[in-house]
Every structure is written in structure tokens, then in C-alpha cells.
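# Understanding the architecture of this molecule
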Amino acid sequence: MAALEQDTHLMLRVREGDSASFAILLERHRAPVVHFLYRMIQNQAIAEELAQEVFLRVYRSRASYEPTAKFTTWLFRIATRLALNQIRDRRHEKGSESLDDARQLRDHLPTVEQSLVREARLREVRQAIEELPGKQKAAVLMHKYQEMEYAQIAGALDCSESAVKSLLFRAYETLRARLAHMA
Amino acid sequence: MRCPIQADKPEVLLDYCSRKLSPEAELSVGSHLTLCPECMSVVQAQWEVWEVLNGWEPDEVSSDFDERLFARIDDQRRWWRFRTWKPLSIAAACATALLAALLFNPEPAREPAASGTAVTDSSRIETLEPEQLERTLEDMEMLRQLSGSRAL
């Protein structure tokens, strides 16, 4: 909790022109943002490009930064918007497939039956996440991997807490059904 | 009849799975699960989903991520400086040109009019003007070059 509170103080120092504080924030949040975007987009290269855009926007708006919410809420709000825009734009492109799935399968060639089953289930769940509506997907990823509270997710998605609970309920219900279908 | 937890507060099961409930609430839900196969099924399925998601490990971030980001930030700074300085440098160039025109084009001395003098004055003025213009243009070009190198 102390580290999260420090994020705000660091960002206020960035507002005053302290580049070293920006570097600390980048070090702290680089991986979580990239990983979140990767799981949203399921393409590593695009995820890194979008993550760069996230931090670029944080830096560009440093002069007008106001600590009205947690820094991570703001950060993931930017990341979610960029991801949802990317997903929306990609829908219009034909034949755009992520190479990551093929690469992961090749890199993790199963050698025993358990590995096969595990990979198949992961592939199924990843596919199910890929097919979730944008906000449900974002809510699940923030809830599961960033361990964000409902209020934080609501801030990032710009909706109410009850809406977040509804999003999560429907998303997880879909994922559970997908796995049950495989059983 | 549907279980009241699933009907009214399904997120309670989610919070139970992620151990976010208070100890008392966790105990209460735990007791409920022993009596409600529907909720138990949901909890077990949710644990299964999370176990699978735990295996979804993303790649490491590229080692040159920061380098690329700071390069983009520098590009932004340069563009912003050019955008800010360009109108200022043009304004400064114009002001300097105006000043130069005033300095190199002093007011001609008033002489009593005499026959033939007007023609001489006019030709003198006509001779001077192109030189003044050329010098002013050279000054502006020099200032533009100076401003361009400063912006970088």
C-alpha cells in the first residue's frame, strides 16, 4: 500500500520536472502495463507499442496531473482506452491473426499428456478471453492479474462498481462455461 | 429455487475465491458451500479458471523498451520546441528587418526645391531601395538559419 501511495508523490515530482521520478514509475509499472496490454491484444509487438503510448501520454500530461485517483487507476484507464481502440480498429482488418498463439504452441511442444491437456485448456481460455466484449475482457484482466479492487477497476473503465461486478460476473461465467465444455 | 447468493450477490463467491472476504464472511460462505452444491460448483469452476489463467505467462518486455520510449519523448520535445519557436523566430526576424529598414533608410535631408533637384533626389532614392531590400532579405535569411539551428 505504501508503494502505491508513493506513485502519486512520484508523479507530483514529475509534474515539477523531475525526470528521475518518471524513470522510477516506468520501472515499476512497465511490465504490468505491457502484460495487461498483451493479454488484451494477444500480440507482443503491438502491446509494447501501446504501452509506450501509455507512458508517453502520462509524460505529456504531467503538467496538468492532479491526484484525484490512484496513479494505477489513471494508468490503466489510459491503457484500457488504447487497447479497446486497437481491438475496435483491428476488427475492421481482415485476416489479421496473432502469431503469438502459433509461437507459444511451438515453443511449448507438449511431451506428456498432462502438458497437452494444460496447453489445450489455456488455449481455450485465451480464446474465450479474446472473444469477450472489450470491457469484460479488461475487467477480468485487471481483476485477475493486477488484483485491482472493484472501485479501481470502475475508475479505469469509467463506470460504476456495480457495473464492474456485473462485467466480471458475466465474463467469468463465460470462462467457466468454456472450460466446462471441455471437460 | 435459485440460491440467494447467486441471485443477489454473485460477487460474494468471487470474493470468496480470491480470499477478499473478512474472516467471518469467509466462514459463513464456507458453511453455505457445504449445503449448496450449485455454489460449490461455481466456486470449483472459478478456481479451475484461475488455475488455467495462472499458466498464462507473457513474454519479457523488450530490453530496448525504455530506450525507444525516451527517443519518442525526445522527438516530442524537439517538435514542441520547433512549434513554439518557429512563430517567435519569424516575428523576431520581421522586427529585426523593420529595424534594419529604419536604420539603413534615414530620412532624406530637406533641401529647398531647385530645378532638376527633384529628379536627382528621386533617382537617388530609386538607387538606394534595391540595396536596402537586398540587405533586409539577407538579414532575414540569416535569422531564419539561426532560428532553425537553435530549434534542433
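Residues numbered from 1 in each chain as written. Chains lettered and ligands numbered in written order. Predicted model: local features only at pLDDT ≥ 70, side-chain atom pairs only at ≥ 80, totals over all residues. Heavy atoms only, no water.

### Brief notes about the overall build of chain B
So the rule is basically this: By the criteria applied, helices consist of DSSP H or I runs no shorter than four residues and strands consist of E runs no shorter than two, each listed in order from the N terminus. Contact definition: two residues touch when any of their heavy atoms are within 4.5 Å. Each accessible area value is a Shrake-Rupley result obtained with a 1.4 Å probe; residue values ignore everything except the protein chains displayed when judging cover.
Tallying secondary structure elements over chain B gives 6 helices and 0 strands in all. Helices and strands in chain B line up, N terminus first, as α-α-α-α-α-α. Across chain B, every contact between residues at least 6 apart in sequence was considered, and the portion connecting residues at least 24 apart equals 64%. For chain B, the accessible area works out to roughly 11000 Å², and carbon and sulfur atoms hold 60% of it.

### Remarks on the nonpolar core
All names here are of chain A. The following threshold applies: Only buried residues count toward a nonpolar core, which is a set of Ala, Val, Leu, Ile, Met, Phe, Trp, Tyr and Cys residues joined through side-chain atoms within 4.5 Å. For each residue, the accessible area found with a 1.4 Å probe, counting protein chains only, is set against the maximum for its type, and the residue is called buried under 20%, exposed over 50%, and partly exposed in between.
In terms of nonpolar packing, the biggest core is built from 76 residues, with Phe 36, Leu 37 and Met 142 touching the most fellow members. With 10 residues, helix H2 (residues 19-41) is the single largest residue contributor to this core. With residues near it in sequence (within four places) discarded, Phe 36 still touches Phe 76, Ala 79, Thr 80, Ala 138, Leu 141, Met 142 and Gln 146.

### Digging into the interface of chain B and chain A
Rules: Buried area: the accessible area, evaluated with a 1.4 Å probe, that two parts lose upon being put together, summed over both parts. Salt bridges, as used here, are contacts in which a Lys or Arg side-chain nitrogen is within 4 Å of a carboxyl oxygen on Asp or Glu. Each polar contact in these results corresponds to two N or O atoms within 3.5 Å; when the atoms are within protein, one needs to be able to donate a hydrogen and the other to accept it, and residues that are neighboring in sequence are counted only if both atoms are side-chain atoms. Each residue is assigned to one class: nonpolar for Ala, Val, Leu, Ile, Met, Phe, Trp, Tyr, Cys and Pro, charged for Asp, Glu, Lys and Arg, and polar for all the others, Gly among them.
Every contact between the two is made by 32 residues of chain B and, on the other side, 41 residues of chain A. Roughly 3600 Å² of surface becomes buried between chain B and chain A when both sides are summed, with 60% attributable to carbon and sulfur atoms. When residues of chain B are sorted by the area they lose upon contact with chain A, B:Trp56, B:Phe65 and B:Arg72 head the list and together hold 22% of the total. With its nearest N and O atoms 3.8 Å apart, the salt bridge here joins B:Arg72 to A:Glu49. Counting the contacts that link chain B with chain A gives 14 residue pairs in polar contact (both at pLDDT 80 or more). Counting only elements with at least two residues in the side of chain B that touches chain A, the list comes to helix H2 (11-17), helix H4 (37-54) and helix H5 (65-104) of chain B. Residues belonging to the side of chain B that touches chain A are distributed by class as follows: 15 nonpolar, 5 polar and 12 charged.

### Examining the packing of aromatic side chains
What counts, and what does not: The rule is short: rings of Phe, Tyr and Trp, with Trp giving its six-membered ring, pair when the centres are within 6.5 Å, and they are stacked under 30 degrees, edge-to-face over 60, tilted in between.
Under the definition given, this model contains 10 aromatic pairs over all chains. Aromatic pair A:Phe22 and B:Phe70: ring centres 6.5 Å apart, planes at 65 degrees, arrangement edge-to-face. Placement of the pair is A:Phe22 in helix H2 and B:Phe70 in helix H5, with the two residues belonging to separate chains. The class of A:Phe22 is buried, set by a relative accessible area of 3%. Ring geometry for A:Phe36 versus A:Phe76: centroids 5.2 Å apart, planes at 75 degrees, classification edge-to-face.

### Topic: the packing of helix H3 (residues 23-35) of chain B against H4(B)
All names here are of chain B. Just so we agree on the cut-off: In this analysis, axes come from line fits to C-alpha atoms, helices being fitted only over the stretch in contact, and the angle between any two N-to-C directions falls in the range 0 to 180 degrees. Here is the rule for angles: anything less than 35 degrees is roughly parallel, anything more than 145 is roughly antiparallel, 65 through 115 is roughly perpendicular, and the remaining ranges are oblique. Working rule for handedness: look at the near helix, and if it is turned counterclockwise from the far one by less than a right angle, call the crossing left-handed; if clockwise, right-handed.
Where H3 meets H4, the axes come as close as 6 Å, and the angle between the chain directions of the two elements is 115 degrees. Judged by the angle between their axes, H3 and H4 are roughly perpendicular. Remark: the crossing between H3 and H4 carries left-handed chirality. Counted together, His 32, Leu 33 and Leu 35 of H3 and Pro 37, Cys 39, Met 40 and Val 43 of H4 form the full contact between these two elements. For the contact of H3 with H4, the class distribution of residues is 6 nonpolar, 1 polar and no charged.

### Notes on the packing of helix H7 (residues 134-144) of chain A against helix H8 (residues 150-157) of chain A
Residues and elements named next belong to chain A. Contact pair H7 / H8: the axes reach a minimum separation of 10 Å and the direction vectors enclose 140 degrees. The angle between H7 and H8 places the two elements in the oblique class. H7 and H8 meet at a crossing whose hand is right-handed. Counting all contacts with H7, which are made through Lys 135, Ala 138, Ala 139, Met 142 and His 143, the residues of H8 involved are Tyr 150, Ile 153, Ala 156 and Leu 157. A breakdown of the residues in the contact of H7 with H8 according to their chemical character gives 7 nonpolar, 1 polar and 1 charged.

### Observations concerning unusual backbone geometry
Here the phi dihedral of A:Glu147 falls at roughly 50 degrees; this positive angle occurs in a residue that is not glycine. Positionally, A:Glu147 belongs in the loop between H7 and H8. Classification of A:Glu147 as exposed rests on a relative accessible area of 61%. Although it is not a glycine, B:Arg19 sits at a positive phi angle of roughly 55 degrees.

### Quick notes on the side chain of B:Glu11
Among the secondary structure elements, B:Glu11 is positioned in helix H2. The class for B:Glu11 is buried, based on a relative accessible area of 14%.

### Remarks on the pattern of salt bridges
Counted under the stated rule, the structure contains 19 salt bridges over all chains. Two residues, A:Asp7 and A:Arg28, come together in a salt bridge whose shortest N-O distance is 2.5 Å. Pair noted here: A:Asp7 is in helix H1 (residues 2-15) and A:Arg28 is in helix H2, with a separation of 21 residues, a long-range link. Taken together, the shared-partner salt bridges connect A:Glu48, A:Glu49, A:Glu53, A:Arg57, A:Arg60, B:Asp64, B:Arg68 and B:Arg72 into one network.

### A look at the environment of A:Ala69
Examined against the element boundaries, A:Ala69 turns out to sit in the loop between helix H3 (44-60) and helix H4 (71-91). Separated by 87 residues in sequence, A:Ala69 and A:Ala156 place their C-alpha atoms 9.7 Å apart.

### Observations concerning the confidence of the model for chain B
Residues and elements named next belong to chain B. How we decide: The pLDDT score gives, residue by residue, the confidence of the prediction method on a 0 to 100 scale.
Residues at a pLDDT of 70 or more form 62% of chain B, whose mean pLDDT is 76. Predicted confidence in chain B is weakest over helix H6 (residues 117-151), with a mean pLDDT of 54, and strongest over H3, with 94. Across residues 112-126 the pLDDT falls below 50, and counting only partners more than four positions away or on other chains, this stretch makes 2 contacts in the model. Among the prediction metrics, the complex's ipTM stands at 0.81, with pTM recorded as 0.72.

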